[in-house]
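This is what each chain is made of:
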Amino acid sequence: MTVEPPTVAPPALDTALAQIRQLQSAAWPAQVPRTVEYPIASMAVVDYLRHWAALRPEVTAIAYYGRDLSYAEYDELSDRFAGWLLANGAQAGDRIGVYLSNCPQFLVAMLGILKIGAVHVPINPLFRAHELRHELLDAGVTILLAQDNLAPLVDEVRADTPVRLVALTALSDMFVAEPAVTAPFDTTPADTDWHRIIESPRAPAQPTDPDALAALNYTGGTTGMPKGCEHTQRHMVYTAATATVANGFRVGERPLVALNFLPVFWIAGEDFGILFPLVNGGTAVLMNRWDATTALRLLARYRVTSMIGMIDNYVEMMDHPAFDPAELAALENTTGVSFVVKLDTEIRARWRAATGLTLRETSYGMTETHTADTFTLGLQDDDYDLCSEPVFCGLPVPGTDILIVDENGAPVPIGTEGQIIVRSPSILTRYYRNPESTAATVREGWLRTGDVGKLNERGALHYLARDKEMIKVNGMSVFPSEVESLLMLHPQVQTVGVVPKPDAARGQVPLAFVVLIPESSLAPAELRSWAQQNMATYKVPEIEILDELPMTATGKIRKGDLFTMTERIAATESEDIQ
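This structure is a prediction, so every number in the text was calculated from the model and none was measured.

Thresholds applied
Residues numbered from 1 in each chain as written. Predicted model: local features only at pLDDT ≥ 70, side-chain atom pairs only at ≥ 80, totals over all residues. Heavy atoms only, no water. Helix = DSSP H or I, 4+ residues; strand = E, 2+ residues; numbered from the N terminus. Rg over C-alpha atoms; globule rule 2.2 N^0.38 Å. Buried < 20%, exposed > 50% of the residue type's maximum accessible area, 1.4 Å probe, protein only. Contact = heavy atoms within 4.5 Å. Areas by Shrake-Rupley, 256 points an atom, 1.4 Å probe, with all protein chains shown as cover. Lys, Arg positive; Asp, Glu negative; His and termini not counted. Charge placed at Lys NZ, Arg CZ, Asp CG, Glu CD. Phe/Tyr/Trp six-rings, centres within 6.5 Å; stacked < 30°, edge-to-face > 60°. Pairing = 2+ DSSP bridges. Disulfide = S-S within 2.5 Å. Core = buried A, V, L, I, M, F, W, Y, C linked by side-chain atoms within 4.5 Å. Arc of directions from axis to C-beta. Axes fitted to C-alpha atoms, helices over the stretch in contact; angles between N-to-C directions. Left-handed = near helix turned anticlockwise from the far one by under 90°. Nonpolar A, V, L, I, M, F, W, Y, C, P; charged D, E, K, R; others polar. Right-handed = clockwise from strand over helix to strand, strands pointing away. Expected span 1.5 Å × (residues − 1). Salt bridge = Lys/Arg side-chain N within 4 Å of Asp/Glu carboxyl O.

Asks: Go over the overall build of the protein chain, please, and point to the residues and values.
Replies: A count of helices and strands for the protein chain gives 17 helices and 25 strands. Taking 578 residues into account, the globule formula puts the C-alpha radius of gyration at 25 Å, and the protein chain, at 24 Å, falls close to it. In the protein chain, which comprises 578 residues, the share counted as buried stands at 58%. Within the protein chain, counting contacts between residues at least 6 apart in sequence, those at least 24 apart form 70% of the total. Counting only carbon and sulfur atoms, one obtains 51% of the accessible surface of the protein chain, whose full area is about 22,700 Å². Both charge centroids of the protein chain, one from 45 positive and one from 71 negative side chains, sit 4 Å from each other.

Asks: Which residues make up unusual backbone geometry, and what are the values?
Replies: Here the phi dihedral of Arg 303 falls at roughly 50 degrees; this positive angle occurs in a residue that is not glycine. Relative to the helices and strands, Arg 303 is located in the loop between α10 (292–301) and β11 (306–310). Non-glycine residue Thr 371 carries a positive phi angle of around 60 degrees. Considering the arrangement of structural elements, one finds Thr 371 in the loop between β13 (360–361) and β14 (374–375).

Asks: Tell me about the packing of aromatic side chains, residues and numbers included.
Replies: A full pass over the atoms with the stated rule returns 15 aromatic pairs. Ring geometry for Tyr 65 and Phe 185: centres 5.9 Å apart, planes at 85 degrees, overall edge-to-face. With a gap of 120 residues between them, Tyr 65 in the loop between β1 (60–64) and β2 (67–70) and Phe 185 in the loop between β6 (165–169) and α7 (194–197) connect regions that are remote in the sequence. We note that Tyr 65, like Phe 185, is buried. These aromatic residues form a ring-pair network of at least three members: Tyr 64, Tyr 65, Phe 175 and Phe 185.

Asks: If you had to explain the pairing of strand β7 (residues 213–219) to someone new, which residues and values would you point to?
Replies: Counted residue by residue, β7 has six buried out of seven residues, so it is predominantly covered. Where β7 lies against strand β8 (residues 227–232), six bridges are found, and the strand directions are antiparallel. The partner of Leu 216 across the bridge, within β8, is Glu 230.

Asks: Tell me about the state of the cysteines, and name the residues and values.
Replies: Scanning all chains against the criterion turns up zero disulfides. Cys 393 supplies the cysteine sulfur nearest to Cys 229, a cysteine that is in no disulfide, at a spacing of 19 Å. Take Cys 229: its relative accessible area is 0%, and that puts it in the buried class.

Asks: Mind laying out the sheet that holds strand β9 (residues 257–260), listing which residues take part and the relevant values?
Replies: With mixed pairing, seven strands are arranged side by side in an open sheet as β2-β1-β10-β9-β11-β12-β13. Each edge of the open sheet carries a strand with a single partner, namely β2 and β13. Alignment of β1 against strand β10 (residues 283–286), held across three bridges, turns out to be parallel. Bridging across to β10, Ile 62 finds its partner in Ala 284.

Asks: Just give me the short version of the nonpolar core, but keep the residues and values in it.
Replies: Formed by 139 residues in total, the largest nonpolar core has its most connected members in Tyr 74, Phe 81, Met 317 and Trp 351. Aside from chain neighbours lying at most four places away, what touches Tyr 74 is Leu 49, Ala 61, Ile 62, Leu 107, Val 108, Leu 111, Ile 274 and Leu 278. Listed in part, the 22 residues of the second largest apolar core include Ile 404, Val 405, Ile 421 and Trp 446.

Asks: Tell me about helix α11 (residues 311–319), and name the residues and values.
Replies: Residues Ile 311, Asn 313, Tyr 314, Met 317 and Met 318 constitute the buried set of α11. Projection of α11 onto a plane perpendicular to its axis shows the buried side chains occupying an angular sector of 160 degrees, all on one side. Those residues of α11 that are buried are in contact with α10, β11, β12 (333–337) and α12 (345–355).

Asks: Explain the packing of helix α4 (residues 104–115) against helix α9 (residues 267–279) to me, using residue names and the numbers behind them.
Replies: Each packed pair of helices is defined by two parameters, the angle between the axes and the distance between the axes. For the pair α4 and α9, interaxial distance at closest approach is 12 Å and the crossing angle is 65 degrees. α4 and α9 meet at a crossing whose hand is right-handed. Contact with α4, carried on its side by Phe 106, Leu 107, Met 110 and Leu 111, involves Glu 270, Gly 273, Ile 274, Leu 275 and Leu 278 of α9 and no other residues of that element. Residue composition of the contact of α4 with α9, by class: seven nonpolar, one polar and one charged.

Asks: With reference to specific residues and values, describe the pairing of β11.
Replies: Within β11, five of the five residues are buried, leaving the element largely enclosed by the surrounding structure. One ladder, built from two bridges, connects β9 with β11; its direction is parallel. Within the sheet, the bridge partner assigned to Leu 259 lies in β11 and is Met 307. Note: β11 against β12, five bridges, orientation parallel. Counterpart to Ile 308 in the pairing with β12 is Thr 335. Read as a crossover between parallel neighbours, the route from β11 over α11 to β12 is right-handed.

Asks: I'd like a description of helix α1 (residues 11–27), backed by residues and values.
Replies: With 17 residues, α1 should cover 24 Å at 1.5 Å per step; its first-to-last C-alpha distance of 25 Å lies within 8% of that length. Listing the buried residues of α1 in full gives Leu 13, Ala 16, Leu 17, Ile 20, Gln 24 and Ala 27. Down the axis of α1, the buried set is contained in an arc of 105 degrees. They therefore lie on one face. Facing away from the buried side of α1 by more than 90 degrees, the exposed set consists of Pro 11, Thr 15, Gln 22 and Ala 26.

Asks: Lay out the pattern of salt bridges in plain terms, naming residues and giving numbers.
Replies: As enumerated under the stated definition, the model contains 27 salt bridges in all. In this structure, the salt-bridge partner of Asp 160 is Arg 133, at a minimum N-O distance of 3.0 Å. On the criterion of sequence distance, the pair formed by Asp 160 in the loop between α6 (151–157) and β6 and Arg 133 in helix α5 (residues 129–139) is long-range, its members being 27 residues apart. Residue Arg 196 pairs with Asp 191 through a salt bridge whose shortest N-O separation is 3.5 Å. When salt bridges that share partners are traced, they join Asp 75, Asp 79, Lys 115 and Arg 202 into one network.

Asks: Account for the side chain of Glu 135, naming residues and giving values.
Replies: One can find Glu 135 in helix α5. As a buried residue without a salt bridge, Glu 135 has its nearest oppositely charged side chain in Lys 539, at a separation of 7.5 Å. Leaving out residues up to four positions away in the same chain, Glu 135 has contacts with Val 121, Pro 122, Ile 123, Phe 127, Gly 140 and Tyr 218.

Here's what the structure looks like:
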């Protein structure tokens, strides 16, 4: 089965596409398939699990610090989770929350939810009360599987939400013996609901609609709190399949082994740590968090073929006393994300000399597109990608189109900056219960990303900026509007504006300029302490108290002035360090 070309674009965009596609076709690397072919006809994730469980039942599907789950066990456990949901009154379309860090139970629960036609709602385990309450309310979550140490936070907000049933699991629950590889958490057996859940009768298999709502993946934006992106199982399978092609393989041709420590509640972690190995009948080697010593052991133990990480992680491994390239001989694809440490020719040369592999940047993508919209494989000759104007994102994966348009939505010439728009089989169906945002963002099948970029002479994408207010803290997206909304919940905050501030250790941090109510004497440290109690750690801003914010004549905050003020603050701090 081959992916169908996207629907016809409006005339102006269609004309521009014809030119861009010619350039991309001429530049297409030989090792990257031009089409996506699927090993089974179904575009439902659950059918891939059933397919590989029947064809390769003994192959390890999930490896977790030496605890190996076969495809047969993965299929059975997710059936039992589905059976537990049905026994507790869950129905197709119900939103089921999964509030866990990386562990096999997350994957089992996700597939069990999909098997009954319910909606998977992954929830950031770093959330604090306000964030958790918002997502549970907005999604309408009725059943929640939560990590046991997060139970107090769930109890704090539950009465304000539609959650009617909470089940708890511990990170140690899947271990049947002492872990073969040291885990970064207590592995003492715990008495949780998980043990009772997996004793439930297996749910009978039922037909799956690949185009029904399957997941709500939350993302921030330019206004207010995060919005739920509606995704389907078809979106998931297409993304996993094109990620396979982007690594130079055809789907299902052999079991790929992927090491993943990216958070699986995050859509990039879902893609690489759950969907990519599953659709290929391969192995997800899952880490709860990054640790170089453990990563090196897992890479060798499971003969990992694909790895994605921060560029910092690759440097840390090369600097590690246990680094032995011979132990990494199975590796075929190593991709990285530049945040704090940027991929450059020196780091690439060092990695290539050690392993024989070319370290390359990952793709362009966002939650709305289910990520992985481009590929960079085969575009590294003479370090073309690194020597081009940053950030080089490569060519669109098969079935996806990318154009650059001006403020009126008209296509711009090659090499001209403008807004990136994307059309693919995996862009969100809509924003959940938010028709206004949907209408503003998705038009005639094209997603207006809000990102600034350009296409080069090969038709490859260069990413220049994401609505320049967006903040990246250690690779995690922080939307100023969300931090502003949370700070405004403090009774002594009158007005607030948040912008990114450079940070040597984390890439960027949020900086909040705050005006307090007239009678307040709240100190910056006190407000920051409040923020630490009410938002995920990576979102907590540095605080600057002002008498007033710079405003336009129409009453909007002049963010440009805040950027200028931030530059001065950063420069002063740099001078103080020196």
